[in-house]
Amino acid sequence: MGQALARFQIALFAALAMAMIAAFPASAFAQVDAPSDGDTVVSPDGQLGEAPRSAMPGEVVAGETDAPEGEGAYTPMEPTQGKGMPTSYEEDAFKSMTFQDQYSKDGDYAVWMHDAILLPVITAISLLVLALLLWVVIRYNRRSSPVPSRTTHNTLVEVVWTIVPVIILVVIAVPSITLLARQYETPPADAITVKAVGYQWYWGYEYPDHDVEIVSNMLSDADAIANGEPAQLAVDNRMVVPVGVPLRIQTTAADVIHSFAVPSLWFKQDAVPGRLNERMMTIEEPGVYYGQCSELCGTRHAYMPIAVEAVPMADFRRWVASQGGTMPGEEELEEGSEPLGQETGVEVTEEGDEDADVPAP
């Protein structure tokens, strides 16, 4: 009896399923594959052609970059070739293997320390060790010295190889600690605050003092090259800051650890979820400076570039206005009342006396 009931239930469910399938058109279950990049497709006018390249997540496709609208709209700065961007090996083989030109005081000091102290010390030590090795190989090989020396201790040698490294470390430590102290200098109270938030995989910039918040995504290669910018480093919305003004750069992240790094400004700071890191930066010259996330953060880690646009203060005010924000202090001026004599008709003398009968002008 139980088996017959089970077979009856299975037959009933199968009949209901067949009825539901028959009630719906076959097209409801058909799946149409979207054309892949480079596939041949037929246009509405009957012409054959290739399917357009699809944008990767977070990438702005060529031709979709919004241009400024309206009179007085802020126009993004055109980048200067070779300034604030990496140099390819084909352009300059030597420059491609060293630091980028620096546009901050900390960067200038760091490059000076590398060129004037670290590089000479490293070169001298390497040449000294090479010379000692060659001298030992030539002077104390089996042919030149068939009877090896049995000397086990040499006080002078031991003193020299202890004192000399200590002196070298002290020489390096002084500018190194100075550079660390400069990099962790506290921003002044009137510094402009920019909060860089790392996402998978793009950057967001918040200006808490200006009521501005933007999202920055990588431009397509076609748009970047058309704008005269390096491919995979250009973005649709740059981080715009004034030049010659202390900046309070705060970094954090919404998902995983990122790193906000701009080599030509000698700036690198981790963006950690749940933590707010802060560091001061001052850009010496106007320009567009490029960087990238420098912490492995996922599959599209290499495609979340950074573009910092440093402009004069007047242009920065114009940019803030174009983003619908305000400069600190402007709200108080707009909401402030007129002088007392114009509101009440009361004339206030220098001694503080009030003449209530004097009409308002």
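Residues numbered from 1 in each chain as written. Predicted model: local features only at pLDDT ≥ 70, side-chain atom pairs only at ≥ 80, totals over all residues. Heavy atoms only, no water.

A.B. asks: I keep staring at the layout of surface pockets and nothing clicks. Help me out?
C.D. replies: Empty space among the atoms becomes visible once a probe the size of a water molecule is rolled across them. Reported here for the second largest pocket is a volume of approximately 240 Å³. Lining the second largest pocket are 13 residues, with Lys105, Asp106, Met280, Met281 and Thr282 sitting closest to its centre. Looking at the lining of the second largest pocket, the elements with two or more residues in it are α2 (105-139), α3 (155-183) and β10 (277-281). With three residues, β10 is the single largest residue contributor to the lining of the second largest pocket. Of the residues that constitute the lining of the second largest pocket, the class distribution is four nonpolar, three polar and six charged. (1 Å grid on protein atoms, 1.4 Å probe; cavity = no way out; pocket = protein on both sides within 12 Å on 5 of 7 lines; lining within 4 Å. Points joined across faces, edges and corners; volume = space filled by probe spheres on them. Helix = DSSP H or I, 4+ residues; strand = E, 2+ residues; numbered from the N terminus. Nonpolar A, V, L, I, M, F, W, Y, C, P; charged D, E, K, R; others polar.)

A.B. asks: Sorry, what's going on with unusual backbone geometry here?
C.D. replies: Outside of glycine, negative phi angles account for most residues, and trans bonds account for most peptide bonds. The residue after Gln200, namely Trp201, is reached through a cis peptide bond having omega 0°. Mapped onto the fold, Trp201 is located in the loop between β3 (192-199) and β4 (202-207). In this structure, Asp211 takes a positive phi of about 55° despite not being glycine. Mapped onto the elements, Asp211 comes out in the loop between β4 and β5 (212-216). What makes Asp211 exposed here is its relative accessible area of 52%. In this structure, Trp266 takes a positive phi of about 50° despite not being glycine. By secondary structure assignment, the location of Trp266 is in the loop between β8 (258-262) and β9 (267-271). (Buried < 20%, exposed > 50% of the residue type's maximum accessible area, 1.4 Å probe, protein only.)

A.B. asks: Before we go on, may I ask you to explain the side chain of Gln102 in this structure?
C.D. replies: One can find Gln102 in the loop between β2 (48-50) and α2. Under the relative-accessibility criterion, Gln102 is labelled buried at 11%. From its side chain, Gln102 meets the backbone oxygen of Pro263 in a polar contact 3.2 Å long. Once residues within four sequence positions are removed from consideration, Gln102 is found in contact with Gly107, Asp108, Val111, Pro263, Ser264, Leu265 and Trp266. (Polar contact = N/O pair within 3.5 Å; in protein donor to acceptor, adjacent residues only side chain to side chain. Contact = heavy atoms within 4.5 Å.)

As far as function goes, none of this settles anything; it's purely spatial.
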